[in-house]
Number of protein chains: 2
Amino acid sequence: MNTNITLRDIAKALNLSISTVSRALTDSYQIGEKTKQEVLAYAKEHHYVPNRMARGLKEGKSRSIGVVVCSIDNNFMAQMLDGIDQYCSEHDYQLIMMQSKELFEQEKANVNLLYAGGIDGLLICPSYQTTDFSYLINLQESGLPVVLFDRLSNHIDTHKVAVDNFKGAYEATQHLINNGYHAIAHLNWNTQLSTATERFEGYKKALKDAGIPFNNDWVKFCDTSNAATLDEELETAIGELMALKQVPRAIFTATDLLSTKCLEILRKCGHRIPEDIALVGFSNTDLAEVLNPSLSTIRQPSLEIGRLAAKQLLSLISDRRATEHFETILLPTELQVRASSQKSK
Amino acid sequence: MNTNITLRDIAKALNLSISTVSRALTDSYQIGEKTKQEVLAYAKEHHYVPNRMARGLKEGKSRSIGVVVCSIDNNFMAQMLDGIDQYCSEHDYQLIMMQSKELFEQEKANVNLLYAGGIDGLLICPSYQTTDFSYLINLQESGLPVVLFDRLSNHIDTHKVAVDNFKGAYEATQHLINNGYHAIAHLNWNTQLSTATERFEGYKKALKDAGIPFNNDWVKFCDTSNAATLDEELETAIGELMALKQVPRAIFTATDLLSTKCLEILRKCGHRIPEDIALVGFSNTDLAEVLNPSLSTIRQPSLEIGRLAAKQLLSLISDRRATEHFETILLPTELQVRASSQKSK
DNA sequence: CTGTTAGCGCCTTCAG
DNA sequence: CTGAAGGCGCTAACAG
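Everything quoted here is computed from the prediction, not taken from an experiment. (Residues numbered from 1 in each chain as written. Chains lettered and ligands numbered in written order. Predicted model: local features only at pLDDT ≥ 70, side-chain atom pairs only at ≥ 80, totals over all residues. Heavy atoms only, no water.)

*Asks:* What is the right way to look at the sheet that holds strand β7 (residues 219-222) of chain B in this model?
*Replies:* Adjacent strands of a sheet form backbone hydrogen bonds with each other and so pair up, either parallel or antiparallel. Residue and element names in this part refer to chain B. Across the sheet, six strands lie side by side as β7-β6-β8-β9-β10-β12; this open sheet has mixed pairing. Every interior strand has two partners, whereas the edge strands, β7 and β12 (334-336), have only one. For this sheet, the mean angle separating the axes of adjacent strands, direction not counted, is 15°. On the sheet, helix α9 (residues 194-209) packs against β6 (184-189), β7, β8 (250-253) and β9 (278-282) and is oriented at approximately 170° with respect to β6. (Pairing = 2+ DSSP bridges. Helix = DSSP H or I, 4+ residues; strand = E, 2+ residues; numbered from the N terminus. Axes fitted to C-alpha atoms, helices over the stretch in contact; angles between N-to-C directions. Contact = heavy atoms within 4.5 Å.)

*Asks:* Quick question: what am I supposed to make of the interface of chain A and chain B here?
*Replies:* The interface is formed by 52 residues belonging to chain A together with 52 residues belonging to chain B. Together chain A and chain B conceal approximately 4700 Å² of surface at their shared face, both sides included; 56% is due to carbon and sulfur atoms. At the junction of chain A with chain B, the criterion picks out two salt bridges. Notably, a salt bridge pairs Asp82(A) with Lys101(B), separated by 2.9 Å at the nearest N-O pair. At the surface where chain A touches chain B, the tally comes to 10 residue pairs in polar contact (both at pLDDT 80 or more). Those elements that provide at least two residues to the side of chain A that touches chain B are α4 (52-59), α5 (75-90), β2 (94-99), α6 (104-117) and α11 (256-268) of chain A. (Buried area = accessible area lost by both parts, 1.4 Å probe. Salt bridge = Lys/Arg side-chain N within 4 Å of Asp/Glu carboxyl O. Polar contact = N/O pair within 3.5 Å; in protein donor to acceptor, adjacent residues only side chain to side chain.)

*Asks:* Where do I start with unusual backbone geometry in this structure?
*Replies:* Backbone geometry follows two general trends: most residues other than glycine have a negative phi, and most peptide bonds adopt the trans configuration. Ile273(A) connects to Pro274(A) through a cis peptide bond whose omega is 5°. Structurally, Pro274(A) can be placed in the loop between α11 and β9 (278-282). Positive phi, close to 60°, is recorded for Asp92(B), a residue that is not glycine. Of note, Asp92(B) is situated in the loop between α5 (75-90) and β2 (94-99). Assessed through its relative accessible area of 34%, Asp92(B) is described here as partly exposed. Backbone geometry at Glu102(B) places phi at a positive 65°, although glycine is not the residue there. Within the fold, Glu102(B) resides in the loop between β2 and α6 (104-117). (Buried < 20%, exposed > 50% of the residue type's maximum accessible area, 1.4 Å probe, protein only.)

*Asks:* It is not clear to me how the protein's contact with DNA strand D should be interpreted in this structure. Could you clarify?
*Replies:* Around DNA strand D, a shell composed of 25 residues is seen, among which Leu7(A), Tyr48(A), Arg55(A), Thr20(B) and Gly32(B) lie nearest. The share of sugar and phosphate among atoms of DNA strand D within 4 Å of the protein is 62%. Lys58(B) is positioned such that a nitrogen or oxygen atom in its side chain is 3.0 Å from a base nitrogen of DNA strand D. Those elements that provide at least two residues to the surface near DNA strand D are α1 (7-14), α2 (18-26) and α4 of chain A together with α2 (18-26) and α4 (52-59) of chain B. For the surface near DNA strand D, the class distribution of residues is eight nonpolar, 10 polar and seven charged. (Near = heavy atom within 4 Å. Nonpolar A, V, L, I, M, F, W, Y, C, P; charged D, E, K, R; others polar.)

*Asks:* I would appreciate a short explanation of the protein's contact with DNA strand C in the present structure.
*Replies:* Taken together, 25 residues sit near DNA strand C, with Ser19(A), Thr20(A), Gly32(A), Leu7(B) and Tyr48(B) positioned nearest. Looking at DNA strand C alone, sugar and phosphate atoms form 61% of those within 4 Å of the protein. Between DNA strand C and Ser17(A), the relevant distance is 3.1 Å, taken from a phosphate oxygen to a main-chain nitrogen or oxygen of the residue. Backbone polar atom of Asn51(B) to a phosphate oxygen of DNA strand C: 3.2 Å apart, as the coordinates give it. At the level of elements, α2 and α4 of chain A together with α1 (7-14), α2 and α4 of chain B are the ones that each hand at least two residues to the surface near DNA strand C.

*Asks:* How should I be thinking about the sheet that holds strand β10 (residues 296-299) of chain A in this particular structure?
*Replies:* Residues and elements named next belong to chain A. Strand order in the open sheet formed by six strands is β7-β6-β8-β9-β10-β12, with mixed pairing between adjacent strands. The open sheet has two edge strands with one neighbour each: β7 (219-222) and β12 (334-336). On average, adjacent strands in this sheet sit at an angle of 15° to one another, irrespective of strand direction. Pairing between strand β6 (residues 184-189) and strand β8 (residues 250-253): four bridges, direction parallel.

*Asks:* Would you mind going over the nonpolar core with me for this structure?
*Replies:* One recurring pattern in soluble globular proteins: nonpolar side chains tend to sit buried together. Counting 83 residues, the largest nonpolar core has Ile184(A), Ile251(A), Ile184(B) and Ile251(B) as the members making the most contacts within it. For this core, the leading source of residues is helix α10 (residues 227-242) of chain B, giving six residues. In terms of nonpolar packing, the next biggest core, distinct from the first, is built from 62 residues, Cys88(A), Leu95(A), Val69(B) and Ile305(B) among them. (Core = buried A, V, L, I, M, F, W, Y, C linked by side-chain atoms within 4.5 Å.)

*Asks:* How should I be thinking about empty space enclosed by the protein in this particular structure?
*Replies:* Evaluated as defined, the whole model comprises one cavity of 30 Å³ or more. Size it by volume and the largest cavity reaches roughly 230 Å³. What lines the largest cavity is a set of 17 residues, among which Met53(A), Ser64(A), Ile96(A), Gly117(A) and Met53(B) lie closest to the centre. For the lining of the largest cavity, the secondary structure elements donating two or more residues are α4, β2 and α6 of chain A together with α4 and β2 of chain B. Here the lining of the largest cavity is composed, by residue class, of six nonpolar, nine polar and two charged. (1 Å grid on protein atoms, 1.4 Å probe; cavity = no way out; pocket = protein on both sides within 12 Å on 5 of 7 lines; lining within 4 Å. Points joined across faces, edges and corners; volume = space filled by probe spheres on them.)

*Asks:* For this particular structure, what's the right way to read the packing of aromatic side chains?
*Replies:* In total, this model carries 16 aromatic pairs over all chains according to the counting rule given. Centre to centre, the rings of Phe252(A) and Phe282(A) are 6.1 Å apart; their planes meet at 50°, and the pair counts as tilted. Of the two residues, Phe252(A) sits in strand β8 while Phe282(A) sits in strand β9, which places them 30 residues apart along the sequence. Taken as a pair, Phe252(A) and Phe282(A) share a single burial class, namely buried. An angle of 75° between the planes, with centres 6.5 Å apart, marks the rings of Tyr203(B) and Phe214(B) as edge-to-face. Here Tyr203(B), found in helix α9, pairs with Phe214(B), found in the loop between α9 and β7; they are 11 residues apart in sequence, far enough to count as distant. Connected via pairs of aromatic rings, a cluster forms that spans Phe200(A), Tyr203(A), Phe214(A) and Phe221(A). One residue, Lys204(B), lies across the ring of Phe200(B), its end atom 4.2 Å from the ring centre. Over the aromatic face of Phe214(B) sits the side chain of Lys204(B), whose NZ or CZ is 5.7 Å from the ring centroid. (Phe/Tyr/Trp six-rings, centres within 6.5 Å; stacked < 30°, edge-to-face > 60°. Lys NZ or Arg CZ within 6 Å of the ring centre and 35° of its normal.)

*Asks:* Can you help me understand helix α12 (residues 302-318) of chain A in this one?
*Replies:* Note that an α-helix has 3.6 residues per turn; residues three or four places apart therefore point the same way. All names here are of chain A. Here α12 spans 25 Å end to end across 17 residues, near enough to the 24 Å set by a 1.5 Å rise per residue. In terms of burial, α12 is a largely internal element, 12 of the 17 residues being buried. Taken as a whole, α12 has its buried residues at Ser302, Ile305, Gly306, Arg307, Leu308, Ala309, Ala310, Gln312, Leu313, Leu314, Leu316 and Ile317. Residues of α12 that are buried in the fold lie against β1 (64-69), α5, β3 (121-124), β4 (146-149), β5 (159-163) and β11 (328-331). (Expected span 1.5 Å × (residues − 1).)

*Asks:* Looking at this structure, how should I read the environment of Val219(A)?
*Replies:* Residues and elements named next belong to chain A. Along the polypeptide, Val219 turns up in strand β7. A sequence separation of 32 residues divides Val219 from Ile251, and the C-alpha atoms of the two residues are 9.4 Å apart. Not counting residues within four places of it along the chain, the set of residues in contact with Val219 comprises His186, Phe200, Tyr203 and Phe214.

*Asks:* Looking at this structure, I do not really get α4(A). What am I missing?
*Replies:* Along α4(A), the residues that are buried comprise Arg52(A), Met53(A) and Gly56(A). Projected down its long axis, α4(A) carries its buried residues within an arc of 95°, all on one side. Where the residues of α4(A) are buried, they touch β2 of chain A together with α4 and α6 of chain B. The backbone nitrogen of Met53(A) has a side-chain oxygen 2.7 Å away, supplied by the residue at the start of α4(A), namely Asn51(A). Looking one or two residues beyond α4(A), the residue adopting positive phi is Gly60(A), at roughly 70°. (Arc of directions from axis to C-beta.)

As C-alpha cells, this is what we get:
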C-alpha cells in the first residue's frame, strides 16, 4: 500500500480544515479562489492523489470495471481487450481482468470475486460452456451493470456488442460459391453460443440461396476448448470429410483457432490448398497474409468491439435509467480474399 | 457498486455485535465455537463476502497488483499476462492492467494512477522509450514492491524476470553458422532495453567465436513501435542489405514483430527463403509452423516468465525484508528449427 | 466561504 | 468469550 499524502496532511500544512481542502480539490464553487489556488499548488507540489479505496468506500463505487474473458492467450481477444482498455483509460476507469479458461465454474467464481471487490460494472465474454446465465441475471438485478461482448446469449437481457456473425458467415460461404466451389464443408465448435450458431445459420442460408442442398455430412463440430485433443479431433474430422463419397471442395471454418489449425492439418495431410480444397475462415491473425498459402479470412473489427462494449458499460454505469432499452450492436465483418480461396479451375 | 450484505447485517440478524461477527469470520481463537458456526452458516447462506475496499482501506492493502505492459495486442505479451493471471488467481490477488503503448509519459501516468489506486505491488514491462527509471525508484523507496519482467534495466535494483537473451541470440546465430551461413545480417530495434542490446551482443559473440568478422553494414535498427512507418522502414533496411557488395545470406531478427514482418517483406520483394536468404527470428507465434516458409524461431517460455514475475512480486509483498537480496532470473530460450533456416547448399 | 460532524465497512485495541 | 469504541481517507450534509 502506498504512503501518499492525504487530505489531512494538506489541511494541517495549510492550516485549513479537511473539508475545505476536499472542496478545493473537487468542487469549483463554494470555495474562495485564493485558498483554492493554495491548496491546488500544495497538492500538486506534493503529488497528492486521492486514495481510491477511501473514495470508493465512501461513494459506493470504485471507478473500476471487471472484465471476464474466456482466455487472453488469443489474438482476437487481446485485440478486444486493447479496445476495452483504450476506452476505459480515456474515461479514467480501471480494468480488472480475469480469465475463465472456458470453464463455467471458473467464470462464476471470477464474477463473484469481482463483484465482491466492488466493481462498478462487468464486461463479459462467456465461456463456451455457459448456458445458464441466471447467476449473471441475479447480479444484474442487484444493480450490477453487465455488458456481453463477442459471445452473446438470449438468456440475458442487457447491452450486447459483437459482429454480425450470420452475415459474415453468409458472405464467406457466398464467396466460395462465387469462386466455383459448391461442395462446401463447415467446421464449427460445439457450443450453444451465438457466435457458433449464427455462423452455422449463415452458412446454411448462403447454400440455400444458391440452390445448393445442405448436406449434414459436411458439417463437423469440434471441441476447441481443449488444446490437447483438438489436433487429433480435427484430424479425424477432416479425414472423415475427405473420405466422403461426395468429397467437399472447400471448407468454411467458424473460429480463429479452427481456421489456422485446419490449414495446418490440411497441409500436414498433403492436401493442396486451394487446388484440392479451398479454405475461408474467421480469423483475426495479422499473419494471414504470410501463411502458406495466404489465408482468406472473415475479419472482425476487434478493437471496435472492445471500445463499444466498454462504452456501453460506462454509459450504463453513469445512467442506470438506460436500463430501459437495452440494445444489441452488431458490427459488420470484412471479407479478406487471399490465396486459400482462389477461383476453382 | 454492489449491494452485498455487511458485517452489520449479519450482526443484526444474529443479535451479535459486529466485532464478534468479524472475529468469527477471520479469527479462529477467541470465539465460541457455537457462535462461530452460527455466523459462518449465516454468512454462507447469504453469500457474505467482505467489501474489498473497506478492508483495503483499513489494512492499507488491496490484494491487487498493477500490471503495466507496453501493449497487450501481441502474442508474446498476452502469453506472459496469462502466466501472471494464473499465479495471481491462485493466490487471490486481483490484476489491474494498463498499457503504455510504448510511450514513456503514458507509462508514468499509468504507474502513478495505479499507485494512487492502492495497488500492493507493480509488475512492469517498460516501454521502449524508457531510459529514466527514477520515477519507479521513487515509488520503490516509498515502499511499493516493483518487479520488472521481459524487458530489464540496470538502472533499477529489484527482482527481474526475463529470458537469457544473450544466449538465445547466440544460439540463433550459431545455428545459422552451423547450417552454412556466414554472411549473417541482424535486424534489431532502436532501444536501450536489455532485450535489444543483449541479443545484439549474442549475435556478435557468436560471429566472433566462429571467426567471422563483424560487419556493421549488416546490422539495422528499426523503430518497431510505430506500426505505420515500420513496413516502409523495414523495406528500406532490407533493400539496403540486399544491395550491399557483400550480400548477406541470412538474417537474424531480434523481435517477434520484426521476424514476421521481415518474412512478409522478403517474400513480397521476391526473395526466396532460405534459398536466397535464410531467416531465424525471436518469435512466440503459434503459427510459425504454418508460415510460408515455416519460420525457425527462438521461443521464449512466456507463460513461465509471467508466472515467475508474479511469484517474485507476491513474495516481495508478503515479506518486505526480501528487499535485501534482489535477484534476476533468466530463463532459457528454445531454438525451434524449421524451413526458413535450412542448410545452405 | 469555511469548519464540524457523521459515516461508508471493516478490523483491532480495550474493557467487561 | 463478547461488546463498545475508534479510525483508515474521503465526501456530504449541516451549521456557522
